[in-house]
Amino acid sequence: MKKLINTPESFVKESLEGMAAAHPDMIKIHLDPNFVYRADAPVQGKVAIISGGGSGHEPMHVGFVGMGMLDAACPGEVFTSPTPDQMLEAAKVVQGGAGVLYIVKNYSGDVMNFEMAADLARTEGIQVANILIDDDVAVKDSLYTQGRRGVGTTVLAEKICGAAAERGYDLKKVADLCRRVNINGRSMGMALTSCIVPAKGTPTFDLAEDEMEIGIGIHGEPGRERMKLKPADEITEMLALSIIEDPAYTRIVREWDDEKGEWVDVELVDPPFQPGDKVLAFVNSMGGTPVAELYVVYRKLAEICEKKGLQIVRSLVGAYITSLEMQGCSITLLKMDDEMLELWDAPVKTPGLRWGV
Amino acid sequence: MVTRDQIVAWLKTVAQVLEENKDYLTQLDAAIGDADHGINMDRGFKKVMSQLPGVEDKDIGSILKTTGMALISSVGGAGGPLYGTLFMRAGMAVDGKYELTDEDLAALLQAAVDGVVQRGRAQLGDKTMVDALTPATEAFKQAIGEGADTIEALRRAVDAAEQGMKDTIPMLAKKGRASYLGERSIGHQDPGATSSYLILKALLDVISQPQ
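Conventions adopted
- Residues numbered from 1 in each chain as written.
- Chains lettered and ligands numbered in written order.
- Predicted model: local features only at pLDDT ≥ 70, side-chain atom pairs only at ≥ 80, totals over all residues.
- Heavy atoms only, no water.
- Domains from an automatic or database assignment.
- Contact = heavy atoms within 4.5 Å.
- Buried area = accessible area lost by both parts, 1.4 Å probe.
- Salt bridge = Lys/Arg side-chain N within 4 Å of Asp/Glu carboxyl O.
- Polar contact = N/O pair within 3.5 Å; in protein donor to acceptor, adjacent residues only side chain to side chain.
- Helix = DSSP H or I, 4+ residues; strand = E, 2+ residues; numbered from the N terminus.
- Buried < 20%, exposed > 50% of the residue type's maximum accessible area, 1.4 Å probe, protein only.
- Nonpolar A, V, L, I, M, F, W, Y, C, P; charged D, E, K, R; others polar.
- Disulfide = S-S within 2.5 Å.
- Expected span 1.5 Å × (residues − 1).
- Pairing = 2+ DSSP bridges.
- Axes fitted to C-alpha atoms, helices over the stretch in contact; angles between N-to-C directions.

## With respect to the domain arrangement of chain A
Residue and element names in this part refer to chain A.
Thought 1: Domains assigned within chain A are domain 1 (11-185 + 250-271 + 338-355) and domain 2 (187-244 + 274-335).
Thought 2: For domain 1 and domain 2, the distance between their C-alpha centres works out to 23 Å.
Thought 3: Facing the 34 residues of domain 1 at the interface are 30 residues of domain 2.
Thought 4: A buried area of about 2600 Å², summed over both sides, lies between domain 1 and domain 2, and 67% of it is on carbon and sulfur atoms.
Thought 5: Run the count over domain 1 and domain 2 and you get one salt bridge.
Thought 6: One salt bridge in this structure joins Asp345 and Arg314, with 2.5 Å as the shortest N-O distance.
Thought 7: Put simply, domain 1 and domain 2 have twelve residue pairs in polar contact (both at pLDDT 80 or more) between them.
Thought 8: Elements that contribute at least two residues to the side of domain 1 that touches domain 2 include exactly helix 4 (153-166), helix 5 (171-184) and helix 8 (338-345).

## Notes on unusual backbone geometry
Residues and elements named next belong to chain A.
Thought 1: For the bond from Asp32 to Pro33, the omega torsion is 0°, close enough to zero to count as cis.
Thought 2: Structurally, the position occupied by Pro33 is in the loop between strand 1 (27-30) and strand 2 (35-38).
Thought 3: Looking along the chain, the bond that leaves Glu58 and enters Pro59 is cis, with omega of 10°.
Thought 4: Tracing the backbone through its elements, the reader meets Pro59 in the loop between strand 3 (48-55) and strand 4 (72-78).

## Regarding the pattern of salt bridges
Residue and element names in this part refer to chain A.
Thought 1: Taken as a whole and assessed by the stated rule, the structure comprises 45 salt bridges over all chains.
Thought 2: Residue Lys349 is joined to Asp25 by a salt bridge in which the shortest nitrogen-to-oxygen separation is 3.5 Å. Separated by 324 residues along the polypeptide, Lys349 in strand 15 (residues 348-349) and Asp25 in the loop between helix 1 (11-22) and strand 1 bring together distant segments of the chain.
Thought 3: Of the residues examined, Asp25 reaches a relative accessible area of 49% and is grouped as partly exposed.

## Overview of the interface of chain B and chain A
Thought 1: Each partner contributes residues to the interface: chain B has 34 residues there, and chain A has 36 residues.
Thought 2: Between chain B and chain A, roughly 2800 Å² of surface is buried when both sides are summed, and carbon and sulfur atoms account for 55% of that area.
Thought 3: Measuring nitrogen to oxygen at the nearest pair gives 3.4 Å for the salt bridge that ties Arg121 of chain B to Glu115 of chain A.
Thought 4: Taken together, the connections running from chain B to chain A amount to eight residue pairs in polar contact (both at pLDDT 80 or more).
Thought 5: Looking at the side of chain B that touches chain A, the elements that each hand over two or more residues are helix 2 (22-32), helix 3 (37-55), helix 5 (79-93) and helix 6 (102-120) of chain B.
Thought 6: Its residues placed into classes, the side of chain B that touches chain A shows eleven nonpolar, 14 polar and nine charged.

## Here we look at the state of the cysteines
Residues and elements named next belong to chain A.
Thought 1: Enumeration over the complete set of coordinates arrives at zero disulfides over all chains.
Thought 2: The closest cysteine sulfur to the non-disulfide-bonded Cys178 is located on Cys161, 3.9 Å from its own sulfur.
Thought 3: Of the residues examined, Cys178 reaches a relative accessible area of 0% and is grouped as buried.

## Some points on helix 5 of chain A
Thought 1: In a regular helix each residue adds 1.5 Å, so 14 residues correspond to 20 Å; helix 5 of chain A covers 20 Å between its end C-alpha atoms and thus fits that length.
Thought 2: For helix 5 of chain A, every residue scored as buried is listed here: Leu171, Val174, Ala175, Leu177, Cys178, Val181, Asn182, Ile183 and Asn184 of chain A.

## As for the pairing of strand 10 (residues 249-257) of chain A
Residue and element names in this part refer to chain A.
Thought 1: Where strand 10 meets strand 11 (residues 262-270), nine bridges bridge the pair, whose relative direction is antiparallel. Pairing of Thr250 across the sheet is with Val269, part of strand 11.
Thought 2: Counting the residues between successive antiparallel strands, the hairpin from strand 10 to strand 11 contains four residues, one of them, Gly261, with a positive phi of roughly 70°.

## Overview of the sheet that holds strand 9 (residues 225-228) of chain A
Residues and elements named next belong to chain A.
Thought 1: Ordered in space as 9-8-7-14-12-13, the six strands form an open sheet in which the pairing is mixed. Single-partner strands in this sheet number two, and they are strand 9 and strand 13 (311-318). In this sheet, neighbouring strand axes are inclined to one another by 20° on average, regardless of whether the strands run parallel or antiparallel.
Thought 2: Here strand 7 (residues 185-191) pairs with strand 8 (residues 211-214) via two bridges, running antiparallel. Within the sheet, the bridge partner assigned to Ala191 lies in strand 8 and is Glu213.
Thought 3: Contacting strand 7 and strand 14 (328-335), helix 5 crosses the sheet at an angle of about 55° to strand 7.
Thought 4: Against the sheet, helix 6 (residues 232-244) contacts strand 7, strand 8, strand 9 and strand 14, and its axis sits at roughly 150° relative to strand 7.

See the structure below:
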């Protein structure tokens with residue numbers, strides 16, 4: 001294992017300390033329990049948006065804390081969900097009296113830990129909504145699995161909901177918007193190489209020199225299909241068509257019902273893409289793939305979208321939701337409406353995403 | 001009968017066993033999950049060990065609830081809420097007690113399993129820790145119903161857990177990250193069922209030792 005670390009045990013903490021030292025104008029960190037929060041928190045009267053997940057996906061989530069995006073992010077160990085005490089403490093520190101939205105990627109650990117955190121926060125008198133992101137079309141069914149994983153759409157939801165909270169949307173409106181972003185976003189990823197979790201020291205899976213893994217998640221977990229490496233255009237076509245031709249996707253998620261005072265099952269349906277849709281096209285590096293290769297992918301993606309009648313109205317290209325040093329990419333398409341577009345364009349100032357300021 | 005000192009000794013043994021099996025559990029997890037189960041459980045029980053001295057003179061319920069809270073705040077992943085809930089519910093089932101009758105132990109096991117099922121929404125056969133815990137609890141209850149003593153009943157529970165753990169090998173995972181592998185999850189033993197077996201076996205090992 002060759003990594004720029006001191007020890008695997010100190011890696012997450014030292015990385016957070018470095019972030020705080022580099023961006024004192026935007027963020028502060030709290031250690032034990034670990035979370036990153038907005039330097040000017042709490043913002044009174046604003047819905048606080050908190051996310052979190054395993055470390056190793058940077059800049060998501062810790063790099064998206066700041067004006068116009070997240071109020072706090074709770075990093076777990078590498079690829080391991082954070083714990084409820086982190087999310088609870090973060091909520092107490094950043095909440096400005098208007099409630100807290102937890103944006104949660106659909107992994108069993110994240111879901112359970114955030115549900116426990118929400119239960120604890122409510123006992124402290126904090127109003128909380130949990131909204132799941134489950135946009136990975138590589139997972140076909142939801143009946144016999146945990147359901148689709150939360151991947152690229154998470155970044156877009158954090159930006160759009162962050163802007164909405166900044167504008168004074170109340171908790172219900174921000175939660176509804178987050179759910180709408182989630183059902184309109186779809187993603188799929190692929191890997192050229194595996195990655196090495198520092199505490200483990202060896203690659204999570206083996207991939208031969210001439211092989212690739214299609215439909216990977218973001219934790220070094222193997223995908224659904226392994227095949228011989230193909231040219232970028234063919235890979236892009238596989239990923240893009242899986243997204244664009246994905247039929248309506250129905251699943252049951254668990255959300256908190258404020259009136260009933262209990263967790264309830266909610267059925268959500270992702271509508272399929274239609275010709276004429278306006279979309280945000282997001283090409284993401286898994287960490288080890290250079291930007292120049294992402295543009296090769298974007299070139300083909302734009303061609304496919306045009307052919308399918310999808311109008312790309314915004315783009316995002318770069319490493320935003322990564323899997324340590326893994327080579328590979330993911331594509332996310334998000335169907336945009338006017339409100340989402342306006343919120344996407346709103347100013348944001350975080351270590352990982354910054355414009356309009 | 002199980003005494004408070006045996007419960008304390010059990011938790012210490014669990015910490016030791018999980019440290020010894022850290023790489024083994026992580027390897028099992030690498031095959032169908034995200035390669036962190038052994039690392040997480042080891043970290044969790046190290047936290048338990050750091051808090052145990054403060055509660056080891058209290059009742060068994062308090063000791064187990066403290067164990068649960070320590071796991072919830074240190075394990076992360078799915079293991080944190082699941083094992084945290086398991087020990088919390090186990091503790092709540094035997095609140096205020098300094099020794100456990102076989103009936104108490106049965107109630108403790110049942111409450112623990114119910115907590116895990118409720119939190120994780122997993123069914124028997126989903127290739128999870130439930131596949132080790134549920135048969136173990138059933139076997140324990142059946143054994144004491146048939147008049148077996150504590151050690152014998154626990155031995156049957158551990159045998160059932162071991163069988164349940166092995167039975168996860170041909171199963172198709174339906175919960176957690178392993179479920180994303182679909183057919184490729186078949187042929188691998190579930191890491192959560194394995195750690196559950198190890199934890200139960202540690203209890204048997206402690207109880208079997210002459211006091």
